[in-house]
Amino acid sequence: MMSLFLQAAGEGSQGGMLMQLLPFLLIIVVFYFFMIRPQVKRQKELRKYRESLKKGDKVVTTGGIYGKVTEVKESHVVIEIANDVNIKVDKAGIIMDMSDAAKK
């Protein structure tokens, strides 16, 4: 008789613990789908864009400098920001192209 009571009490506490953890699990799922997943998608798109840079592309740097790509190397690009004014920028410093900037 006592063992039936203890078994029933044990099953109830496991169900109660699941109900206590359910809100935390739902918060984790919401964070994943609304914050983490879109951020990973944007990072992949940006990485793909940086890898596809070519001569003549209009770009914006993280510092807000607008220019046109004149040379592409493996880890950096040379950007013309004015007539005969070129700067060397790491590819990680490129955030978007000018057509994206015009849309925002």
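As recorded in an unreviewed UniProt entry, the protein goes by Sec translocon accessory complex subunit YajC and comes from Marinilabilia salmonicolor. Reading the Subcellular location (unreviewed entry) entry of the UniProt record for the protein gives the comment "Cell membrane". Taken verbatim from the UniProt record of the protein, the Sequence similarities (unreviewed entry) comment is "Belongs to the YajC family."

Caption draft 1: View of the UniProt feature "transmembrane region" (unreviewed entry) in the protein. With numbering aligned to this structure, UniProt lists the feature "transmembrane region" (unreviewed entry) at residues 20-40. Taken as a whole, residues 20-40 contains 100% helix and 0% strand, while its terminal C-alpha atoms sit 30 Å from one another.

Caption draft 2: Quick peek at the pattern of salt bridges. Evaluation of the coordinates by the stated rule reveals two salt bridges. With a closest N to O distance of 3.4 Å, Lys-54 and Asp-57 form a salt bridge. Under the relative-accessibility criterion, Asp-57 is labelled buried at 17%. Glu-71 is the salt-bridge partner of Lys-73, the closest N and O atoms lying 3.3 Å from each other. Taking the relative accessible area as the measure of exposure, Glu-71 reaches 34% and is therefore partly exposed.

The rules behind each value
Residues numbered from 1 in each chain as written. Predicted model: local features only at pLDDT ≥ 70, side-chain atom pairs only at ≥ 80, totals over all residues. Heavy atoms only, no water. UniProt positions renumbered as here; feature names shortened; annotations may be inferred. Helix = DSSP H or I, 4+ residues; strand = E, 2+ residues; numbered from the N terminus. Salt bridge = Lys/Arg side-chain N within 4 Å of Asp/Glu carboxyl O. Buried < 20%, exposed > 50% of the residue type's maximum accessible area, 1.4 Å probe, protein only.

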